[in-house]
Amino acid sequence: MSESATTQEHVLGHNRRRRPTGARRATFGACALILGGGGLVAVNVFASATEGGNTAVPLGSSGVAATIDCPDLSERLTTVPQAARPEVDTELARLDQQIATAYGQLQEAARGADDGELDEAAVLDPLERERAATIERIVAAVDKAGDRPEGLDAEAACALRRTEATTAGAESGGPEQGQRQDGKEQEAGNGDDADGTGQDAGGQRPPGNGGQAGNGPVAGDYAAIESVRPNAVEAPRRDGASNGSFATSCGVNAEGLFNSDNLIAAPGVGNGAHHFHDYVGNQDNDAFSSDEDLAAADTSCADRGDKSSYYWPVLRLQNGTVEQDAQSPGGGIEGNAGEIVTPAEVTLTFEGNERGKVTEMPRLLRIITGDAKAFVNGDANANASWSCTGFEDRQLKDKYPLCPSGSDVVRTFTFQSCWDGRNIDSANHRTHVAFAAADGSCPDGFRPIPRLVQRIVYDVDAPSLQDGGKTVPLFAVDSFPEQLHKPVTDHSDFINVFDEDLMREMVDCINTGRTCGAGASPGPGQGGDPGEGAGEAPQEQPTGDPGANPGDPGANPGDDATDEPTEKPTEKPTDEPAEEPTEKPIEEPTGAAPTEEPTGAAQQGSGAPEDDARQTETASPSAEPRAATTPAGAADDRSAAEAAPGAEGDAGAREDVAAGAADQPRVPQGGLAETGSGLGLWPAAVGGVLFAGGCVLLVRSRRHAR
């Protein structure tokens, strides 16, 4: 055979091996599509099942955090017979303790889980059994004294709720030098767990829920006040409005009167709040104080006729400080760690009604504003307002403010100012009072009373979020352990122990348009008019959608050109003539009402039920309408003001919503739609299409080969 022939045969043979037929190429392509598509489907579904499933949740150094989410039974118990209230109070407090204990177990499991997984049932099943037994006792107590409540057994089950997590680079353990801000050395060193929280003073802890004690806050809980649009709206005042104000001066709790009780929400139960309160005014404040004790007690108020009790959760700097309560229930043991900050200023002002005269508050009237459990309850009863001095025309609901240099943090509480005319308390501590609508009108059967506005100022610096508060410590309010120190849980409490003559003087002052009271003179950083310096007080309404707050904690305050900071907040409008109230006067309360013993649910501040369906399906026959606890037909003007033209396209607002999305109340979880990668199921959908296309191509190629 010639050399040329041999070469040609070799080439032809080589070409036959390298050039498969079209059918073979189609078969190879089909197999690749099938394998790739099937792989995408398998990986995506696996990620969905493990990340959002009901049997296991990644915890620990994975950066995924969680909390315990239980129905708030006090929301259902709006009517409880007087004879059953003491026992019901005790059992409701027991429910709170069970949740706190379960959250502690969750934290311990998370610390040991690292990148592993936690069996939810190990935490939730024992909790459900304990809650079921407690609820059964509550039902029996109410049944013995009145009508048996229905459907409460459905409230026993709780859920493990995923939350926004801190990252490994943003752990908080206080300043790295492990010292107090004033330069004094820590009492705890050498790695001892001195605060009882599992956190070495000045050190680090595994990421997760963040904070010095591992239960918050996280960077997403803060927002730069300069990025928030002005949103405080002052309601117009009609002819005949009560335009005066009465201020009482009761100090800033420089004496250090603290405890973790709550005489209103959990009378007779030690550590009923599971967090510490600041107290001003009445000096006999604990869970066991009787009405007689309050009346006989000393007061920190300048006017000795005001023995009222004013209290709210303490604010702490999470700087590694070992506080006096580090080893106490309600303190470090339950995740409330760090240095308690004494307010720089506290103003307590009673204001009038926008459309008519106010009537006297009954002695020993109890009011709680805000919801200590709003993070898991939802925002129906939330009433937090956070701002900065010089920027109080901008109010934040579910974010702590990052104030610029020279500006201080401000907490404002605007209390309910409509009273049912009969009761000084109610089973859930809400239905006997209500918020006035935007025009000042009260719900049917309610009358206007002086509106208490508390303004509390703190000289604290904006924390260094980029390093988790190591350079400049985080600040946060105390909370129930499972509420993770969220700013939306802020709340305040008031018990009226004014001398009756001084109360009459207050009402006369307000109704005649005067400015009166021992605290009426200008204080440091405050003008003579209550609206000056303090800015426009937040409206007297529970917050709307906490997620509506613009501003991103990491955003540049200058990103929104329309949000120029105001040096002075808008002052209150001048009093304008308006008409007399059209409501019929209500009979004065009977003498027995004011002497009613403090009673009601032990849970601090009830909140919204899980959803409307639950409320409809399991509502107790004796449940009272919610109209008594929320504004009557009033929209949240603050939220509306934030949604200014062009707000939909504001990048900062979008980023803020994205950053806080994990913290929205009552988000259903555990379905396959929640993937670990956060990509949804679109990779599985693409994989399915590729798989199907590969199958079709394979069938056609085989037919073509025949």
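Residues numbered from 1 in each chain as written. Predicted model: local features only at pLDDT ≥ 70, side-chain atom pairs only at ≥ 80, totals over all residues. Heavy atoms only, no water.

Caption draft 1: Just the overall build of the protein chain, in detail. Helix and strand content of the protein chain: 11 helices and 23 strands. Residue pairs at least 24 apart in sequence account for 83% of intrachain contacts in the protein chain once pairs closer than 6 positions are excluded. On the protein chain, roughly 28,000 Å² of surface is accessible, and the fraction owed to carbon and sulfur atoms is 52%. (Helix = DSSP H or I, 4+ residues; strand = E, 2+ residues; numbered from the N terminus. Contact = heavy atoms within 4.5 Å. Areas by Shrake-Rupley, 256 points an atom, 1.4 Å probe, with all protein chains shown as cover.)

Caption draft 2: The sheet that holds strand S18 (residues 433-434), seen in detail. The 3 strands are arranged S18-S17-S19 in an open sheet whose pairing can be described as antiparallel. Unpaired on one side and paired on the other, S18 and strand S19 (447-448) mark the two borders of the sheet. In this structure, strand S17 (residues 418-419) lies alongside S19, joined through 2 bridges in antiparallel fashion. Residue pairing in the sheet places cysteine 418 in a bridge with proline 448 of S19. (Pairing = 2+ DSSP bridges.)

Caption draft 3: Structural detail: the environment of glutamine 483. By secondary structure assignment, the location of glutamine 483 is in the loop between strand S21 (474-477) and strand S22 (491-495). Separated by 416 residues in sequence, glutamine 483 and threonine 67 have C-alpha atoms that sit 7.7 Å apart. If we skip the residues at most four places from it in the chain, glutamine 483 touches Ala372, Lys373, Ala374, Phe375, Val376 and Thr489. In terms of polar contacts, glutamine 483 uses its side chain to reach the backbone amide nitrogen of phenylalanine 375, at 3.3 Å. (Polar contact = N/O pair within 3.5 Å; in protein donor to acceptor, adjacent residues only side chain to side chain.)

Caption draft 4: Focus on the state of the cysteines. Inspection of the entire model under this criterion finds 5 disulfides. Between cysteine 70 and cysteine 158 runs a disulfide, and the two sulfur atoms are separated by 2.0 Å. Between cysteine 70 and cysteine 158, the S-S torsion sits near 115 degrees, and that sign places the bridge as right-handed. Of the two residues, cysteine 70 sits in the loop between strand S2 (65-69) and helix H3 (85-113) while cysteine 158 sits in the loop between helix H4 (120-145) and strand S4 (159-163), which places them 88 residues apart along the sequence. By relative accessible area, which is 5% here, cysteine 70 ends up buried. Take cysteine 158: its relative accessible area is 14%, and that puts it in the buried class. In this model, cysteine 250 is linked to cysteine 301 through a disulfide, with the two sulfur atoms separated by 2.0 Å. (Disulfide = S-S within 2.5 Å. Buried < 20%, exposed > 50% of the residue type's maximum accessible area, 1.4 Å probe, protein only.)

Caption draft 5: Geometry of the side chain of asparagine 253. Its location among the elements puts asparagine 253 in the loop between strand S6 (245-248) and strand S7 (258-259). Once residues lying within four places of it in the same chain are set aside, the contact partners of asparagine 253 are Phe258, Asp278, Tyr279, Val280 and Thr342.

Caption draft 6: The arrangement of H4 in detail. With 26 residues, H4 extends 37 Å from end C-alpha to end C-alpha; this agrees with the ideal 38 Å at 1.5 Å per step. Among all positions in H4, only Glu120, Val123, Leu124, Leu127, Arg131, Thr134, Ile135, Ile138, Val139, Ala141 and Val142 are buried. (Expected span 1.5 Å × (residues − 1).)

Caption draft 7: Examining the pattern of salt bridges more closely. Under the definition given, this model contains 21 salt bridges. Salt-bridge contacts for lysine 373 lead to aspartate 96; the nearest nitrogen and oxygen are separated by 2.6 Å. Highlighted residues: lysine 373 in the loop between strand S13 (366-370) and helix H6 (374-377) and aspartate 96 in helix H3, separated in sequence by 277 residues. Like lysine 373, the residue aspartate 96 is buried in the burial classification. With a closest N to O distance of 3.9 Å, arginine 237 and glutamate 354 form a salt bridge. Of the two residues, arginine 237 sits in the loop between strand S5 (222-224) and S6 while glutamate 354 sits in the loop between strand S12 (345-351) and S13, which places them 117 residues apart along the sequence. Accessibility assignment for this pair places arginine 237 and glutamate 354 in one class, buried. (Salt bridge = Lys/Arg side-chain N within 4 Å of Asp/Glu carboxyl O.)

Caption draft 8: Main features of the packing of aromatic side chains. The final tally for this structure, using the stated rule, is 10 aromatic pairs. Geometrically, the ring pair formed by tyrosine 222 and tyrosine 400 is tilted, given 5.3 Å between the ring centres and 40 degrees between the ring planes. Here tyrosine 400 lies in strand S15 (residues 400-402) and tyrosine 222 lies in strand S5, a separation of 178 residues in the sequence. Judged by its relative accessible area of 0%, tyrosine 400 is buried. Ring centres 6.4 Å apart and planes at 70 degrees place the aromatic pair phenylalanine 246 and phenylalanine 498 in the edge-to-face group. Here phenylalanine 498 lies in the loop between S22 and helix H7 (500-511) and phenylalanine 246 lies in strand S6, a separation of 252 residues in the sequence. Residue phenylalanine 246 is classed as buried on the basis of its relative accessible area, which comes to 2%. Feature note: the residues Phe246, Tyr310, Phe350, Phe415, Phe494 and Phe498 constitute an aromatic cluster, connected by ring pairs. The ring of phenylalanine 375 carries the charged tip of arginine 161 above its face, separated from the ring centre by 4.2 Å. (Phe/Tyr/Trp six-rings, centres within 6.5 Å; stacked < 30°, edge-to-face > 60°. Lys NZ or Arg CZ within 6 Å of the ring centre and 35° of its normal.)

Caption draft 9: Structural detail: the environment of threonine 347. Tracing the sequence through the fold places threonine 347 in strand S12. The spacing of threonine 347 and glycine 519 is 172 residues in sequence and 7.4 Å in space, taken between C-alpha atoms.

Caption draft 10: Layout of unusual backbone geometry. That bond from glycine 216 to proline 217 is cis: its omega, 5 degrees, falls within 30 degrees of zero. With a phi close to 55 degrees, asparagine 271 is a non-glycine residue in the positive phi region. With respect to the helices, strands and loops of the structure, asparagine 271 is situated in the loop between S7 and strand S8 (277-281). Taking the relative accessible area as the measure of exposure, asparagine 271 reaches 12% and is therefore buried. Unlike most non-glycine residues, leucine 364 shows phi in positive territory, near 70 degrees. Relative to the assigned elements, leucine 364 resides in the loop between S12 and S13.

Geometric values such as these leave the question of function open.
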